[in-house]
Amino acid sequence: MRLAELSERSGVAIATIKYYLREGLLPPGRRVSATTADYDEGHLRRLRLVRAMIQVGQVPVARVRQVLAHVDDESLGRTMRLGAALWALPHGSEGADGTGTGGEDGDGEDEATTAARAEVDQLLRTLGWSTARELGELSPVHRSLVAAVATLTRLGYPWDATLMAPYARLMHQVAVRDLDFVETFPSEAEKAETAVAATILFQPVLKALHRLAQEEESARRYGLE
């Protein structure tokens, strides 16, 4: 398809597509003349992913470029490819510039963070999640969890390993379904793209379902008065 059709099918303005091309977020089309290029379904799929990251996920352009570099890295195995792409996404413990915002000050780690780290480690031991334990602080997701648990502790809600374990087991069931869906796509690049899109687009769905479930359970327990 030509650029105009790509714009029409994606709902993205031509000027925006050209910007994504200049920024390396979208691979160049197949050149057919000095001023014209053809684009295919892969470009359309990638364009939709870029829009999801920027518009829904509020991911900065520089970070989008980093995520896509991992998505396209054919030297990585599937686990490393998916993991690297998802790690590159912003996480809850990061500020807008991608730096950490955990409960540490200039003098070092506080007691709540130390306690939270111990509880997270105990949780991973209990679950038998050996890969997560081995990666530990290397993982931005691990750091985000520690920061969240530490914040809860400071607010007087000490979420220990025992309290977190049932939630973690439910999340493992979600992860199984996530990867079952990812595996329905044929190429490794599509699998990685889908994992990134699912992380950005499905998490609001999961959050909304969680809140609806809370509302429903509250009504069943306490009535509507």
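*Asks:* I'd like a rundown of the packing of aromatic side chains, residues and numbers included.
*Replies:* Applying the stated criterion across every chain yields a total of 4 aromatic pairs. A centroid spacing of 6.0 Å and a plane angle of 50° characterise the contact between Y19 and Y20, whose relative ring orientation is tilted. We classify Y19 as partly exposed; its relative accessible area is 31%. Linked through ring pairs, F181, F185 and F202 together constitute an aromatic cluster.

*Asks:* Tell me what's going on with the side chain of R46, and back it up with residues and numbers.
*Replies:* Examined against the element boundaries, R46 turns out to sit in helix α3 (residues 41–56). Not counting residues within four places of it along the chain, the set of residues in contact with R46 comprises L25, L26, P27, L68, V71, D72 and E193.

*Asks:* So what's going on with unusual backbone geometry? Residues and values would help.
*Replies:* One non-glycine residue, Q58, lies in the positive phi region at around 55°. Within the secondary structure, Q58 is located in the loop between α3 and α4 (61–71).

Conventions and cut-offs
- Residues numbered from 1 in each chain as written.
- Predicted model: local features only at pLDDT ≥ 70, side-chain atom pairs only at ≥ 80, totals over all residues.
- Heavy atoms only, no water.
- Phe/Tyr/Trp six-rings, centres within 6.5 Å; stacked < 30°, edge-to-face > 60°.
- Buried < 20%, exposed > 50% of the residue type's maximum accessible area, 1.4 Å probe, protein only.
- Helix = DSSP H or I, 4+ residues; strand = E, 2+ residues; numbered from the N terminus.
- Contact = heavy atoms within 4.5 Å.

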